[in-house]
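# Topology and contacts: notes
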Amino acid sequence: MTVNMRMPESLASATGTITVDLAQIVTNWRALANKVAPAQCAAVVKADAYGLGAERVIAALARAGCSAFFIATPDEAELARKLAPQACIFALDGLVGNSAAAFDRLSVTPVLSTLDDVVAWSALSRSRGAKLPAALHIDTGLNRLGLPVRDVRRLAAEPTMMAGVELKLVMSHLASADNPRDPKNRDQLLAFETLSALFPGVPRSLAASDGLMLGAAYHFDLVRPGYALYGGQASQSSPAPVKPAVTVAARILAVADVVPGETVGYSATWRARRPSRIATIAAGYADGIPRSASAPDGRPGGHVLISGHLAPIVGRVSMDLITVDVTDLPEGAAMPGEFAKLVAEGLTIEDAGFAAGTIGYEILTRLGHRFTRLYLDDTP
Ligand SMILES: *Cc1c(COP(=O)(O)O)cnc(C)c1O
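Residues numbered from 1 in each chain as written. Predicted model: local features only at pLDDT ≥ 70, side-chain atom pairs only at ≥ 80, totals over all residues. Heavy atoms only, no water.

We apply this condition: UniProt positions are given in the numbering used here, feature names are shortened, and annotations may be inferred rather than shown by experiment.
Per an unreviewed UniProt entry, the chain is named Alanine racemase, and its organism is Hyphomicrobium facile. Reading the Pathway (unreviewed entry) entry of the UniProt record for the chain gives the comment "Amino-acid biosynthesis; D-alanine biosynthesis; D-alanine from L-alanine: step 1/1." UniProt's Sequence similarities (unreviewed entry) comment on the chain is quoted here verbatim: "Belongs to the alanine racemase family."

### A short note on the layout of surface pockets
Stated precisely, the cut-off is as follows: Lining residues are those with an atom within 4 Å of a point, where the points come from a 1 Å grid over the protein atoms alone and group into cavities, where a 1.4 Å probe fits but cannot get out, or pockets, open sets with protein on both sides within 12 Å along at least five of seven lines. Grid points are joined across faces, edges and corners, and a volume is the space filled by probe spheres set on the points. Numbering of helices and strands starts at the N terminus; helices are DSSP runs of H or I of at least 4 residues and strands are runs of E of at least 2. Here the term charged refers only to Asp, Glu, Lys and Arg, the term nonpolar to Ala, Val, Leu, Ile, Met, Phe, Trp, Tyr, Cys and Pro, and the term polar to all other amino acids, Gly among them. Note that the domain bounds reflect an automated or database-derived domain assignment.
In this model, the largest pocket occupies a volume close to 880 Å³. Every residue lining the largest pocket is counted, 37 residues in all, and those nearest its centre are K46, Y50, H173, A208 and Y361. Among the elements of the structure, α3 (46-51), α10 (349-355) and α11 (360-366) are those that each provide at least two residues to the lining of the largest pocket. Split by residue class, the lining of the largest pocket holds 18 nonpolar, 11 polar and 8 charged. The two domains that each donate at least three residues to the lining of the largest pocket are domain 1 (38-230) and domain 2 (246-377).

### Quick look at empty space enclosed by the protein
One pass over the structure, following the stated rule, counts 2 cavities of 30 Å³ or more. In this structure, the largest cavity spans a volume of roughly 180 Å³. Considering the residues around the largest cavity, the lining is formed by 18 residues, among which I289, H303, I313, L342 and A352 are closest to the centre. For the lining of the largest cavity, the secondary-structure elements that each account for two or more residues are β16 (303-306), β19 (339-343) and α10. Looking at the lining of the largest cavity, the element that brings in the most residues is α10, giving 3 residues. Among the residues forming the lining of the largest cavity, the class breakdown is 14 nonpolar, 3 polar and 1 charged.

### Examining unusual backbone geometry
Heads up, the rule is: Exposure classes here rest on a 1.4 Å probe applied to the protein chains alone. A residue is buried below 20% of its type maximum, exposed above 50%, and partly exposed in between.
P38 follows A37 through a cis peptide bond whose omega is 10°. Examined against the element boundaries, P38 turns out to sit in the loop between α2 (22-36) and β3 (40-41). The phi torsion at N143 lies on the positive side, around 55°, for a residue other than glycine. Residue position: N143 is located in the loop between β8 (132-137) and α8 (149-157). For N143, a relative accessible area of 64% gives the class exposed.

### Observations regarding the pattern of salt bridges
Test applied: Within this document, salt bridges are pairs made up of a side-chain nitrogen of Lys or Arg and a carboxyl oxygen of Asp or Glu, the two lying within 4 Å of each other.
Evaluated as defined, the whole model comprises 11 salt bridges. Its salt-bridge partner being D325, residue R274 comes within 3.5 Å of it at the nearest N-O pair. Of this pair, R274 sits in the loop between β14 (270-271) and β15 (276-281) while D325 sits in strand β18 (residues 322-325), and the two are 51 residues apart along the sequence. The exposure class of D325 is buried, given its relative accessible area of 10%. Here R274 falls in the partly exposed class, since its relative accessible area comes to 35%. The network of salt bridges with common partners includes R274, D325 and D328.

### Side note on the nonpolar core
Here is a general trend for soluble globular proteins: nonpolar side chains tend to be buried in one another's company. What counts is decided by this rule: Joining through side-chain atoms within 4.5 Å is the link that ties buried Ala, Val, Leu, Ile, Met, Phe, Trp, Tyr and Cys residues into a set, and such a set is a nonpolar core. The contact definition used throughout considers only heavy atoms, calling two residues in contact when any of these lie within 4.5 Å.
Core analysis: the biggest nonpolar cluster contains 118 residues, and V45, L61, F69, Y230 and I306 have the highest contact counts within it. In terms of domain composition, this core takes at least three residues from each of domain 1 (38-230) and domain 2 (246-377). Setting aside its immediate chain neighbours within four residues, Y230 contacts I25, N28, V44, V45, A49, Y50, L52, V57, A245, V246 and L364. Core analysis: the second largest hydrophobic core is formed by 6 residues, V258, V264, W270 and I278 among them.

### Re the site of the ligand
For the record, the criterion: Distances are taken per atom, and a residue is near a molecule or strand as soon as one of its heavy atoms is within 4 Å of it. N or O atoms closer than or at 3.5 Å make up a polar contact, with two conditions inside protein: a donor-capable atom paired with an acceptor-capable one, and, for residues adjacent in sequence, both atoms drawn from side chains. Residue-level accessible areas treat just the shown protein chains as cover; the underlying method is Shrake-Rupley with a 1.4 Å probe. Those molecules having more than half of their atoms within 2 Å of a cavity or pocket grid point set are described as sitting in that cavity or pocket.
Taken together, 14 residues are adjacent to the ligand, and K46, Y50, S209, G226 and Y361 come closest. Interatomic distance of 3.0 Å between a side-chain N/O atom of R224 and a nitrogen atom of the ligand. Taking 390 Å² as the accessible area of the ligand by itself, protein coverage stands at 91%. With respect to the detected pockets, the ligand is housed in the largest pocket.

### Observations regarding helix α9 (residues 184-196)
Applied cut-off: Here the expected length of a helix is defined as 1.5 Å per residue gap, with one fewer gap than residues. Throughout, the arc means that of the directions going from the helix axis to the C-beta atoms.
For α9, with 13 residues, the first-to-last C-alpha span of 18 Å sits near the 18 Å given by 1.5 Å per residue. N185, Q188, L189, F192, L195 and S196 are the residues of α9 that are buried. An end-on view of α9 places all buried positions within 140° of arc, on one side of the element. Contact partners of the buried residues in α9: α8, β9 (165-171) and β10 (204-205).

Next comes the structure, spelled out in structure tokens:
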């Protein structure tokens, strides 16, 4: 495994780094594929591969043999096609604006969620004299994107609406799969079985990272994990067979003494009750550290790891900076110029999300552009 440092000179002055272990992402994908076999395991790489860099992640997964990718937008489709020329690429947002022609040119499969989109894609297919591929997203209770039951039944009764279209997948999305005990999972499973049966012979997909942990009944022909590929644990009670693939670090800029009675940060929300040492770290809400990770009195906030020791964020998270209490750390553990870890072994993305009243997904996808992204290569 090699560290591919593409910009060593910028690393020397980097305020923060995100280290993405491509080999671990590939290992995670293989473990999930193994778990769901004989169902196929696709990779969800929308939002720049959850903020980690679609360019490197898609290329690595395609090299490993992943042959189906899900992205959301037309721009993401264009990039995915470039990186995975042979793969099946599904565009979850469907026909956004005038993207149909581009999807046709790129051989991207739109995920159709409205009858208008179905009719438009069918018209394009017929005018092209080609069988253009599409996936059908049906709603089974999430009430977000997806054809409502009435429209699914109408489409099944009037197949001419889809004339010329090659239906490659029928899919739906679960609302509460992170909680295996929620009866909504079973309701959606039954609804999906009933509605997808209206399109006999078409491959089916229901589960994302959390859904695939609900058992084989939820796997159908293809599963669509995103978060778990990156080492995220989406299910509240069944750990996925994956390991963390991301480390986030930011530079300690200064370490200072604060005398009892003094306050730290905007609005003076934290007051020293003892002689304290405060480290100021070069990452703030502009870098995706939630302002809600500030610890108001009475609620624990976020932490960072410094030389292996947890240190609590104190005072308000500001735009470029956080302040952490390092009073209890061994002498010399927190040194200006060194890196504090914001996500690492012992401080998961779930921990970071929970401490800020959000989820690991939001932590991951909001990490900003000021972090230098480093990649541990998937190739020896
Ligand atoms: C984002 C998304 C996924 C992937 O979800 P994860 O929880 O990250 O695995 C799968 N399907 C749909 C429809 C999505 O929007």
